[in-house]
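# Remarks on the overall topology
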Amino acid sequence: VCRFSRSAIIDDQAGSLSIHNKPSTVYPLFRERGAVDKEQLDHGFALLVRNIECLLQMRNVEFHYGWNALAKMEKLFMHVVDGSID
């Protein structure tokens, strides 16, 4: 039984090559003592926030850049749940 999330985000704009010879770098979205560098975690979280903002913009959902990631996700989820899917 898996007790912990092992989520990650892939940056296709980074320099390393993936299995399909496409550039990608994986940034973890979880903290594991000694195994995950804080800079990698921070960069992965920044990419996640940018993805959320992009989804909001694509759907013309108003938000403020100063909001935290959870507030932005809630706004996106509420937009989808209310049936306003674009």
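Above this text sits the structure in question.
Everything in this summary refers to the structure shown in the same document. (Residues numbered from 1 in each chain as written. Predicted model: local features only at pLDDT ≥ 70, side-chain atom pairs only at ≥ 80, totals over all residues. Heavy atoms only, no water.)

## Section: the overall build of the chain
The helix and strand tally for the chain stands at 2 helices and 2 strands. The linear arrangement of helices and strands in the chain, starting from the amino end, is β-β-α-α. Classification of the 86 residues of the chain by burial places 27% in the buried group. When contacts within the chain are restricted to residue pairs at least 6 apart in sequence, those whose partners lie at least 24 apart make up 14%. When the accessible surface of the chain is totalled, it reaches about 6800 Å², and 55% of it is carbon and sulfur. (Helix = DSSP H or I, 4+ residues; strand = E, 2+ residues; numbered from the N terminus. Buried < 20%, exposed > 50% of the residue type's maximum accessible area, 1.4 Å probe, protein only. Contact = heavy atoms within 4.5 Å. Areas by Shrake-Rupley, 256 points an atom, 1.4 Å probe, with all protein chains shown as cover.)

## Describing the environment of Tyr65
Of note, Tyr65 is situated in the loop between helix 1 (38-58) and helix 2 (69-81). Contact partners of Tyr65, with chain neighbours within four places excluded, come to Glu53, Gln57 and Lys72. A polar contact of 2.4 Å, which involves the side chain of Tyr65, links it to the side chain of Gln57. (Polar contact = N/O pair within 3.5 Å; in protein donor to acceptor, adjacent residues only side chain to side chain.)

## Points about helix 1
Its 21 residues place the ends of helix 1 30 Å apart at the C-alpha level, agreeing with the 30 Å of an ideal helix rising 1.5 Å per residue. Buried within helix 1 we find Leu41, Gly44, Leu47, Val49, Ile52, Glu53 and Leu56. Residues of helix 1 that are buried sit in contact with strand 1 (8-11), strand 2 (25-28) and helix 2. With its phi angle positive at about 55 degrees, Asn60 sits one or two positions after the end of helix 1. (Expected span 1.5 Å × (residues − 1).)

## A word on the packing of aromatic side chains
Pairs of aromatic rings are described using the distance from one ring centre to the other and the angle between the two planes. If you walk through the whole model with that rule in mind, you get 1 aromatic pair. Centre to centre, the rings of Phe63 and Tyr65 are 5.0 Å apart; their planes meet at 65 degrees, and the pair counts as edge-to-face. Using a relative accessible area of 15% as the deciding quantity, one classes Phe63 as buried. (Phe/Tyr/Trp six-rings, centres within 6.5 Å; stacked < 30°, edge-to-face > 60°.)

## Concerning the packing of helix 1 against helix 2
Across the interface, helix 1 lies against helix 2 with an axial gap of 10 Å and an inter-helix angle of 30 degrees. In terms of orientation, helix 1 and helix 2 fall into the roughly parallel class. Here the hand of the crossing between helix 1 and helix 2 comes out left-handed. Across from Phe45, Val49, Ile52, Glu53, Leu55 and Leu56 in helix 1, the residues of helix 2 making contact are Ala69, Lys72, Met73, Lys75 and Leu76. (Axes fitted to C-alpha atoms, helices over the stretch in contact; angles between N-to-C directions. Parallel < 35°, antiparallel > 145°, perpendicular 65-115°, else oblique. Left-handed = near helix turned anticlockwise from the far one by under 90°.)

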